[in-house]
Amino acid sequence: MNIKSQKDFFSGLMFMAVGIAFAWGATTYKVGDGARMGPGYFPLMLGILLAILGGVITFKAMVVATEDGEKIGSWAWKPLFFIIAANLVFGLMLGGLPSIHFPAFGLIVAIYALTFIAALAGEEFKFKEVLVLATVLAIMSYAAFILLLKLQFPVWPAFITG
Amino acid sequence: MDLIANLSLGFGVAFTPINLMYAFIGCLLGTLIGVLPGIGPLATIAMLLPATYALPPVSALIMLAGIYYGAQYGGSTTAILVNLPGESSSVVTVIDGYQMARQGRAGPALAAAGLGSFFAGCVGTLVLAAFAVPLTEVAFKFGPAEYFSLMVLGLVGAVVLASGSLLKAVGMILLGLLLGLVGTDVNSGVARFSFDIPELTDGIGFIVIAMGVFGYGEIISNLGKHESEREVFTADVKGLLPNKEDFKRMVPAVLRGTTLGSVLGILPGGGAVMAAFAAYTIEKKTKLQSGEVPFGKGNIRGVAAPEAANNAASQTSFIPLLTLGIPPNAVMALMVGAMTIHNIQPGPQVMTSNPELFWGLIASMWIGNAMLIVLNLPLIGIWIKLLSVPYRWLFPAIVLFCAIGVYSTNNNTFDIWMVAIFGVIGYLFIKLGAEPAPLLLGFILGPMMEENLRRALLLSRGDWSVFVTRGLSASLLAVAVLLLVVVLLPSIKKKREEAFVED
């Protein structure tokens, strides 16, 4: 049997998996009955519904023909990796990670790190250009978020400010 | 003359220099971020929310209203100039708007969108003010069964208007409802699906989901396309104002669009999209005057009518939110989140317990609209310049604003890890062709639905028939069923698919 719509087939699988996971998780809480709903009642109901729906979507994707097979297409691995990495490194630099004794470097260092890593996701990477961009963003963010809005951020590395 | 007394109370609150300034800043920021290609109003509002945290509630709401209108207007600007609808309600604006821009008439197109929206906004505000009081009284007749049914209706509406497959939209709603349940159950105190992570016992932040799915997901998918596919249009813009001929055609179109939008906006389930589509269809049905450009080739009516309709509808869509506390669409769901952050629980009690805030907000919507005209018509040139900024400079900045925005909601790096996860999920949704807007609506409604279902069944001692034996609840459900049936009818189904083909 071939898959008639790749997008729908995998969406259906995703819905089924998530539905089953939630429904299964819900049974570990007290379910109760309609008049006295426990914390597991509503999620169990929704989870089952979602799993059934996912099944229907998957089934339909294998039966109902589409014009072009609705292929998912190639994944943009490079942007996916660098954008998410930029975000994670930003968090790491900004707040540090006490569990591995990684010190907080503060907002300014974090902005430079984020800009450089994120820029790698694009089609071209010019070091000088990115450096200017990062500096502009750092100055703007400092002015807007720290000076103007007075948000509480660690701005400089913890080992400098003490 | 309660209406006038109420409105003057509202304007008294909103018309202080400091609040006017916030409205102005909100509009400016909203437009600034909203015109960036690939960022719709949802992402814009999510990104700018932190900017309002430090303000008192009234000022914060006024600024938010400004951001909301700015973001919407910014979305229309990108629709017209770059052929990129920032959100589903400007999908039809693209058709004639981009054609006008290609003919060098971007100025009149933008002005038509702006003026049409402003007029529609004024009417919408009046409708809102007039209907809010009687509807609030209806709201007090609402029991848990009615609330539950109304939410079902709202969700069905969201499904009907989602652009892709109906089944997948239902799936996204269920997924959203489930995600909304993560965290401590208010009734039993049990922390559900939290995996013993303390931060998760408070639930997943809606900003985390909004930014991850709408911000990061979009950026990744944009970067995955080749440069040529997101070519930015930079033709010269000659002449800003529409000429006499244009005005003659615009005015009736704007009037029709406004009427349609005001009515459709009240319906829960995202009336703005429906209004824009309906308005465009009606314009297309009317006879072309002699010498008029056909639709799809840059007819100014094709820009003015849907823009007026969607603005009127987004104005009146505040009615279900403010009177019943139920967000009718994803943007409003975000507004609920924003209000909750400022300790305001939207609903009928706001008007009685906090009239300055309620009427101040309504007045500020009008101010927001007026501000847009003042701000945007003279500045169109600058917005166009902004569009020519290369994407490779824009996207690191967007990633940064998302990250900072997420962190600043709780000052906790945990949210940054979460947004990374939702960024990946958001990209997955895009690849699978599953539209994420219904998910956000479901996410906000999840806990509310559970609570009302629980109360309704508790009162009826577990008898499910309570939803159909109570008149109001039964009629709400009937409307929901009717909506579903109508969409599933073969002839309409085909039309709907045609309408969304521009996506």
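Residues numbered from 1 in each chain as written. Chains lettered and ligands numbered in written order. Predicted model: local features only at pLDDT ≥ 70, side-chain atom pairs only at ≥ 80, totals over all residues.

A. View of the overall build of chain B. Looking only at helices and strands, chain B has 22 helices and 2 strands in total. Burial analysis of chain B (503 residues in total) assigns 61% to the buried set. For chain B, the share of sequence-separated contacts (at least 6 apart) that also reach a separation of at least 24 residues comes to 81%. (Helix = DSSP H or I, 4+ residues; strand = E, 2+ residues; numbered from the N terminus. Buried ≥ 20, exposed ≤ 12 C-beta atoms within 10 Å, placed from the backbone. Contact = placed C-beta atoms within 7 Å.)

B. Looking closely at the overall build of chain A. Within chain A one finds 6 helices and 2 strands. For chain A, the α and β elements follow one another from N to C terminus as α-β-β-α-α-α-α-α. Overall size of chain A, expressed as C-alpha extent along the three principal axes, is 60 × 50 × 30 Å. Expressed as a percentage of the 162 residues in chain A, the buried residues total 39%.

C. Structural context of the environment of Ala474 of chain B. Residue and element names in this part refer to chain B. Within the secondary structure, Ala474 sits in helix α21 (residues 471–488). Using a count of 17 C-beta atoms within 10 Å as the deciding quantity, one classes Ala474 as partly exposed. A C-alpha to C-alpha distance of 32 Å links Ala474 and Arg192, two positions 282 residues apart in sequence.

D. Quick peek at the interface of chain A and chain B. On the chain B side, the residues contacting the 57 residues of chain A number 56 residues. Counting residues per element, the ones that place at least two in the side of chain A that touches chain B are α1 (6–26), α2 (41–63), α3 (77–95), α4 (106–119) and α5 (127–148) of chain A. Of the residues forming the side of chain A that touches chain B, the biggest block, 11 residues, is contributed by α3 of chain A.

E. Highlighting α3 of chain A. All names here are of chain A. With 19 residues, α3 should reach 27 Å at 1.5 Å per residue; the first-to-last C-alpha distance of 27 Å fits that figure. Within α3 the residues assigned to the buried category are Pro79, Leu80, Phe82, Ile83, Ile84, Ala86, Asn87, Phe90, Gly91, Met93, Leu94 and Gly95. Positive phi shows up at Gly96, right after α3, with a value of about 70°. (Expected span 1.5 Å × (residues − 1).)

F. Region of interest: the nonpolar core. Membership of the largest hydrophobic core comes to 218 residues, with the highest contact counts inside it found for Ile83 of chain A together with Ala46, Ile173, Ala210, Met211 and Val399 of chain B. The greatest single-element share of this core, amounting to 16 residues, is contributed by helix α6 (residues 106–140) of chain B. For this core, the two domains that each supply at least three residues are domain 1 (6–63) and domain 2 (77–161) of chain A. (Core = buried A, V, L, I, M, F, W, Y, C linked by C-beta atoms within 7 Å. Domains from an automatic or database assignment.)

G. Broad picture of the packing of helix α14 (residues 330–341) of chain B against helix α19 (residues 437–459) of chain B. Residue and element names in this part refer to chain B. Two elements in contact, α14 and α19, have axes separated by 8 Å at closest approach and are oriented at 35°. Here α14 and α19 pass one another in a crossing that is left-handed. Taken together, the residues of α19 that come into contact with α14 (itself represented by Ala330, Ala333, Val336 and Gly337) are Ala437, Leu440, Leu441 and Ile444. (Axes fitted to C-alpha atoms, helices over the stretch in contact; angles between N-to-C directions. Left-handed = near helix turned anticlockwise from the far one by under 90°.)

H. Quick look at the environment of Leu53 of chain A. Residue and element names in this part refer to chain A. For Leu53, the position within the fold is in helix α2. Note on Leu53: 21 C-beta atoms within 10 Å, which makes it buried. For the pair Leu53 and Ile111, spaced 58 residues apart in the sequence, the C-alpha separation amounts to 43 Å.

I. Spotlight on helix α10 (residues 244–266) of chain B. Between its first and last C-alpha, α10 of chain B extends 34 Å over 23 residues, near the 33 Å set by a 1.5 Å rise per residue. Regarding α10 of chain B, the residues found buried are Arg249, Met250, Ala253, Val254, Arg256, Gly257, Thr258, Leu260, Gly261, Ser262, Leu264 and Gly265 of chain B.

J. Spatial organisation of the environment of Ala104 of chain A. All names here are of chain A. Tracing the backbone shows Ala104 in the loop between α3 and α4. Spatially, the C-alpha atom of Ala104 lies 8.4 Å from that of Trp156, the residues being 52 residues apart in sequence. Setting aside residues up to four positions removed in sequence, Ala104 forms contacts with Leu94, Gly95, Gly96, Pro154, Pro157 and Ala158.

K. Broad picture of the confidence of the model for chain B. Residues and elements named next belong to chain B. Per-residue confidence for chain B gives a mean pLDDT of 78; residues scoring 70 or more make up 88%. Confidence scores differ between elements of chain B, with helix α22 (residues 490–499) showing the lowest mean pLDDT of 58 and helix α18 (residues 414–432) the highest of 91. With a pTM of 0.77, the predicted complex shows an ipTM of 0.91. (pLDDT = per-residue confidence, 0-100.)

L. Up close: the packing of α1 of chain A against α2 of chain A. Residue and element names in this part refer to chain A. Running from N to C, α1 and α2 point in directions that differ by 160°, and their axes come no closer than 7 Å. Taken together, the axis directions place α1 and α2 in an arrangement best described as roughly antiparallel. Pair α1 / α2 crosses with left-handed handedness. Residue composition of the contact of α1 with α2, by class: 19 nonpolar, 7 polar and 2 charged. (Parallel < 35°, antiparallel > 145°, perpendicular 65-115°, else oblique. Nonpolar A, V, L, I, M, F, W, Y, C, P; charged D, E, K, R; others polar.)

M. Examining unusual backbone geometry more closely. Residues and elements named next belong to chain B. Even without being glycine, Asp196 reaches a positive phi, approximately 60°. Despite not being glycine, Arg461 has its phi angle at roughly 55°, a positive value. Its place among the elements puts Arg461 in the loop between α19 and α20 (466–469). Judged by the 10 C-beta atoms lying within 10 Å of it, Arg461 falls in the exposed class.

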